[in-house]
Amino acid sequence: MCGIVGYVGFREATDVLLEGLRRLEYRGYDSAGVAVKVNGHLEVIKKAGKLQVLADELKAHPLSGKFGVGHTRWATHGAPTDPNAHPHMTEQGDIAVIHNGIIENYLPLKEGLIARGHIFTSETDSEVLAHLIEEKYQGNLAEAVRMALSEAYGAYALVVAHKDKEEIVVARTVSPLVIGLGGGENFVASDVPALLPYTRKVIFLHDGDMAVITREGVTVSDLAGNPVEREVVTVEWDLEAAEKSGYPHYMLKEIYEQPRVLENTLGGRLHQEEATVELNLKLDPRQYHKVHIVACGTAYYAAWVGKYLIESLARIPVEVEVASEYRYRDPVVDSKTLAIAISQSGETIDTLEGLREAKRKGAGTLGVINAKGSSITREVDDTLYIHAGPEIGVASTKAYMAMLAAMGLVAVWMGRSKGTLKPEVAQEFLGEMRKLPRLVEEGLEARAHIAKIAEKYHQAQDYLFLGRHIQAPTAYEGALKLKEISYIHAEAYPAGEMKHGPIALIDERLPVVVLATESPFYEKTISNIQEVRARGGRVIAVATKGDNEVKRFAQDVIYVPKTHHLLAPVVSVVPLQLLAYETAVFLGRDVDQPRNLAKSVTVE
Ligand code: F6R
């Protein structure tokens, strides 16, 4: 949610800031701004609109300096306008503040500041921090920030610059910040891709950390000013992995990366002969009688698939809930509960808080996470990294794929450890898992066919997605992808539930995507297809290769490779991702930066 970049060194700051912001634009993209120190003054340019608007403005009015801060915004308080864009400055222009998150007590703080003569130029909560810091400033910027933060509460990743200093003071609570270490230059950003052109050596700040960043070095302390040691981590992601590599969109690149991602997620972890998986986790599944999984959005659908996998293979009861509901409903958790948080970013605040709720009540905790060093990984007992690599497209694809594979591993791990999964069943399942990268590769070949279907139905106002059992979450994920990037309204239902209401929607204008892959429930799903056809609905079936029967009932069929029915979501989500992608392209939508969305949601 919002992207931050700060730089102090020997390069032109605007180049570093713009390049970094470009790499973070997926985090928010309704306005952007920079403040650069030019001849002893902080010069600010900020513009509503995409980053390119700011880049054009900077071309027309270059700011030359070796020290600066920049921001790309996703609005929470105040519309996306020039004044509401960050950085926020004090009246005299001495201090520039960039803030991600929400200052919850900003209204009383603002009233007090106005009463004391401060003039506000934006509607944001963030601006109060600039004025508060100005009030506290007596020559020591870190001290002023510390004092201001003792009065403000909420979530923040805060980056502050003063015209008289060659240092960036940063602080974080909830919203992420990562410091990049160079030689004679140092950086700060809200996510690693902004740093990759310059350094792989990073420090992930923890909640409650502050840091002072100069050309020469970085000192980290807590909010009370006590020094703290933070590990310097070398990130493995390379620059190319965060680039488009010739694809027109990150989303398409990420869809095509999925076979490789599956290899990474599964690599070295499957031991088919021994009927085991090696996850290097300290947790012992034998201690747990039930599992709660919390997640949001696409990760929630992966969690739902995970429920079927764990219950089918390990026979342990699993509850799955969207994290924003879970955290407030006083869930029944004890020390025999294993709470699993699934998240690409590892920063989603609802998921983090859901996890904390389970932890407070005594649960063991496991994170199934993509982003190394992210907040959730620091709070759980154990992390299973999904190894999807950097996901830039706002609509999640390859991270979902990796989450599904990871949940397959978790199910086998639990079942084998508890003895509830027979070795021969595990062997068969692991054998099928091993084939997944190749099957997903094969599935990608259907793209041209799917593009034709997308074109055929691109004028539809609504879509319906249906799936049964472990394919119900696939239907929901397909609908979510279509909504997110094409803006076509799409609903999903478990196929058997259609007759209890949504059937009223069906007419000849409604395309209905039905997950009709081979499974013990295939016949029932075919009956649902017939129910749709009988009411004039247009069926797009996703079916298993070799199923000729389904052609009799569906107008369009997309074939996916045959696999174990519990792994069908892995191969079936690919055509749904491509259908959403091709529809969005056909409609001329902004695939990688769909309206109103942000990649990492660190506000409630
Ligand atoms: C959908 C999407 C979102 C995220 C959700 C959780 O394409 O990307 O629904 O899945 O915001 O994000 P993470 O996985 O980072 O916790």
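Shown above is the structure to which this text applies.
Residues numbered from 1 in each chain as written. Predicted model: local features only at pLDDT ≥ 70, side-chain atom pairs only at ≥ 80, totals over all residues. Heavy atoms only, no water.

A. Representation of the overall build of the protein chain in the model. A count of helices and strands for the protein chain gives 18 helices and 26 strands. Against the compact-globule benchmark of 25 Å for 604 residues, the protein chain has a radius of gyration of 25 Å, which places it among compact chains. Its C-alpha atoms give the protein chain principal-axis dimensions of roughly 75 × 55 × 40 Å. Out of the 604 residues belonging to the protein chain, those deemed buried represent 62%. Summarising the internal contacts of the protein chain: among those between residues at least 6 apart in sequence, 71% fall at separations of at least 24. Here the protein chain displays about 22,000 Å² of accessible surface, and carbon together with sulfur accounts for 49% of that area. (Helix = DSSP H or I, 4+ residues; strand = E, 2+ residues; numbered from the N terminus. Rg over C-alpha atoms; globule rule 2.2 N^0.38 Å. Buried < 20%, exposed > 50% of the residue type's maximum accessible area, 1.4 Å probe, protein only. Contact = heavy atoms within 4.5 Å. Areas by Shrake-Rupley, 256 points an atom, 1.4 Å probe, with all protein chains shown as cover.)

B. Inspection of the pairing of strand β11 (residues 201–204) at higher detail. Pairing analysis gives three bridges linking strand β9 (residues 178–181) to β11, with the strands arranged antiparallel. Across the sheet, residue G180 finds its bridge partner in β11, namely V202. In this sheet, strand β14 (residues 233–234) lies alongside β11 in antiparallel orientation, the contact comprising two bridges. Bridging from a neighbouring strand, V202 pairs with V233 of β14. (Pairing = 2+ DSSP bridges.)

C. Expanded view of unusual backbone geometry. The step from H86 to P87 runs through a cis peptide bond, and the omega angle for that step is 5 degrees. With respect to the helices and strands, the residue P87 is situated in the loop between β4 (67–73) and β5 (88–89). In this structure, H387 is a non-glycine residue whose phi angle is positive, near 55 degrees. Relative to the helices and strands, H387 resides in the loop between β21 (382–385) and α12 (398–418). With a phi close to 55 degrees, H469 is a non-glycine residue in the positive phi region. On the secondary structure map, H469 appears in the loop between β22 (462–467) and α16 (472–486). Residue classification places H469 among the partly exposed residues on the basis of a relative accessible area of 23%.

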